[in-house]
Amino acid sequence: MRKPQGARVRLSPRSLMRSPSPRSAIPGRCLSSLLLIAAVTLPCAVLYRAVAPTSPPSWRPGPAIPDTSPIAAQLESEDVRLEKVLEEAAMENKTVILTTLNAAWATPGSIIDLFIESFQIGDGTRKLLDHLVIIALDKQTYVRCLSIHAHCFPLITEGADFSDEKLFMSAGYLSMMWTRIEFLRLVLEKGYNFIFSDVDILWFRNPLPQFYPEDDFQIACDHFMGDAFDLQNIPNGGFNYVKSNNRTIEFYKFWHASREKFPGHHDQDVFNFIKHDPYLLEMGIRVRFLSTAYFGGLCEPSRDFSKVCTMHANCCVGLSRKIHDLRVMLDDWRTYMSLPWKVKRSRAFSWRVPQNCSLAPLGS
């Protein structure tokens with residue numbers, strides 16, 4: 001007899017306890033598993049809907065994890081220290097005077113003392129010491145610098161020893177020169193103009209009035225041909241005035257990179273090569289060569305004591321030779337400054353140098 005359609009079947013407890021047939025056992029297990037999964041996931045889904053926003057938030061990266069390695073900390077510390085030293089020494093227009101120094105030239109009575117003495121006895125140059133930053137190339141020099149000057153910065157190169165005297169054109173000398181070029185680019189990138197001076201240059205007058213504000217890069221000469229824009233001038237990289245802008249920064253990058261094109265040459269030689277390169281015209285940098293009438297040296301001395309700003313112990317190899325002739329220059333300047341005004345105007349006074357440096361090769 002058929003059961004009416006839609007009629008409910010009542011199952012007794014006994015019927016539920018009967019062992020299921022093998023065919024009906026598999027569907028029963030699947031059903032039980034589904035019910036179990038539903039029992040677990042349904043409450044979780046309800047709970048998530050209750051606490052989660054209606055739309056998923058957009059992904060955002062977490063804060064950058066700072067590099068806490070000792071090397072990164074050291075680099076950051078040196079950068080902050082350099083910024084502080086430059087800021088303290090800078091003139092109102094963000095110009096600093098820079099020189100580099102190693103232990104061989106930093107001992108008492110050596111070249112650094114003569115360099116500083118020239119500022120002290122020069123005509124209006126003492127105040128410029130407030131804007132001078134001495135870049136120490138080794139730890140010993142940095143300690144010495146701190147004992148004699150207000151603004152010092154340690155430029156210590158790992159794996160390089162710049163403390164002893166570097167023979168002209170030796171591997172150590174070349175490395176030291178190119179380290180200097182790279183450092184000067186960094187100063188430009190920080191927005192500072194600079195006057196770079198070798199430490200074997202004596203300052204007798206303030207050179208700033210002799211610089212031209214429209215020119216980017218102004219460099220002294222071993223030999224000056226009479227025209228400030230003549231590329232045949234023979235430059236000397238030991239003294240230059242450089243303004244901070246995109247052109248000079250790019251130029252220093254190009255200058256430093258060009259060392260690979262001209263291996264075995266120092267920065268001055270490479271500059272002499274690249275000054276003819278068309279890329280300088282492309283970058284738009286204005287280069288001016290400074291007259292030896294104001295910025296002289298042993299290669300070509302300034303003849304007029306009433307004009308001279310600086311004198312360089314160039315064309316001279318050997319520390320002892322340089323020290324001797326620099327001392328003679330200081331004595332000559334003292335004598336000139338003590339002369340009566342009429343004698344000064346006569347221009348009859350002249351340098352007694354070169355002496356010990358008279359046989360030295362060009363540009364050293």
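Criteria and thresholds
- Residues numbered from 1 in each chain as written.
- Predicted model: local features only at pLDDT ≥ 70, side-chain atom pairs only at ≥ 80, totals over all residues.
- Heavy atoms only, no water.
- Helix = DSSP H or I, 4+ residues; strand = E, 2+ residues; numbered from the N terminus.
- Buried < 20%, exposed > 50% of the residue type's maximum accessible area, 1.4 Å probe, protein only.
- Contact = heavy atoms within 4.5 Å.
- Areas by Shrake-Rupley, 256 points an atom, 1.4 Å probe, with all protein chains shown as cover.
- pLDDT = per-residue confidence, 0-100.
- Phe/Tyr/Trp six-rings, centres within 6.5 Å; stacked < 30°, edge-to-face > 60°.
- Core = buried A, V, L, I, M, F, W, Y, C linked by side-chain atoms within 4.5 Å.
- Pairing = 2+ DSSP bridges.
- Polar contact = N/O pair within 3.5 Å; in protein donor to acceptor, adjacent residues only side chain to side chain.

Please clarify how the overall build of the chain should be interpreted in this entry.
Looking only at helices and strands, the chain features 11 helices and 10 strands. Taken across its 364 residues, the chain has 45% of its residues classed as buried. In the chain, of all internal contacts separated by at least 6 residues, the share reaching a separation of at least 24 is 70%. Accessible area of the chain: about 20,600 Å², with a carbon and sulfur share of 57%.

Can you walk me through the confidence of the model for the chain in this structure?
When pLDDT is averaged along the chain, the result is 81; 73% of the residues meet or exceed 70. Considering only residues more than four positions removed or in separate chains, one finds that residues 34-38, a stretch of pLDDT under 50, has one contact. Low pLDDT, under 50, characterises residues 161-170; the predicted model gives this stretch 32 contacts beyond four residues in sequence or across chains.

Got a minute to help me understand the packing of aromatic side chains in this structure?
For any pair of aromatic rings, geometry is given as the distance between the ring centres together with the angle between the planes. Here the structure, examined in full by the defined rule, presents 28 aromatic pairs. Seen in terms of ring centroids, Phe-211 and Tyr-241 are 4.5 Å apart; in terms of plane orientation they differ by 0°. Their pairing is stacked. In this pair, Phe-211 is assigned in the loop between β5 (201-203) and β6 (217-223) and Tyr-241 in strand β7 (residues 234-242), connecting sequence segments 30 residues apart. Note on accessibility: Phe-211 and Tyr-241 belong to one class, buried. Aromatic rings pair up to connect Phe-115, Phe-119, Trp-203, Phe-211, Phe-239, Tyr-241 and Phe-295 into one cluster.

For this particular structure, what's the right way to read the nonpolar core?
Inside soluble globular proteins, nonpolar side chains tend to come together where they are buried. Counting residues in hydrophobic clusters, the biggest one holds 48 residues, and the most contacted among them are Ile-112, Phe-115, Trp-203, Phe-239, Met-329 and Trp-351. Of all the secondary-structure elements, those providing two or more residues to this core are β1 (95-101), α4 (111-121), β2 (132-136), β5, β7 and α10 (319-338). For this core, the leading source of residues is α10, giving eight residues. Ignoring anything within four residues of it in the chain, the contact list for Trp-351 reads Phe-204, Pro-301, Ser-302, Phe-305, Val-308, Met-311, Met-329, Asp-332 and Trp-333. One finds Met-177, Val-270, Ile-274 and Met-283 within the second-largest nonpolar core, a separate group that totals 41 residues.

Explanation requested: the pairing of strand β4 (residues 193-197) in the structure shown.
Two faces belong to every sheet, and in a regular strand the side chains alternate between them. Taking burial as the measure, the five residues of β4 include five buried ones, the bulk of the element. Taking every second residue as pointing to the same face, both faces of β4 are buried, with Asn-193, Ile-195 and Ser-197 on one and Phe-194 and Phe-196 on the other. Sheet topology note: the β1/β4 ladder contains four bridges and is parallel. Residue pairing for β4: Leu-98 is matched across the bridge by Phe-196. Pairing analysis gives four bridges linking β4 to β7, with the strands arranged antiparallel. Across the sheet, residue Ser-197 finds its bridge partner in β7, namely Phe-239.

Please clarify how the side chain of His-151 should be interpreted in this entry.
Along the chain, the position of His-151 falls in the loop between α5 (139-148) and β3 (152-154). For His-151, a relative accessible area of 12% puts it in the buried group. A distance of 3.1 Å separates the side chain of His-151 from the backbone oxygen of Asp-130, its partner in a polar contact. Leaving out residues up to four positions away in the same chain, His-151 has contacts with Val-85, Glu-88, Ala-89, Leu-129, Asp-130, Leu-132, Val-133, Ile-134 and Cys-145.

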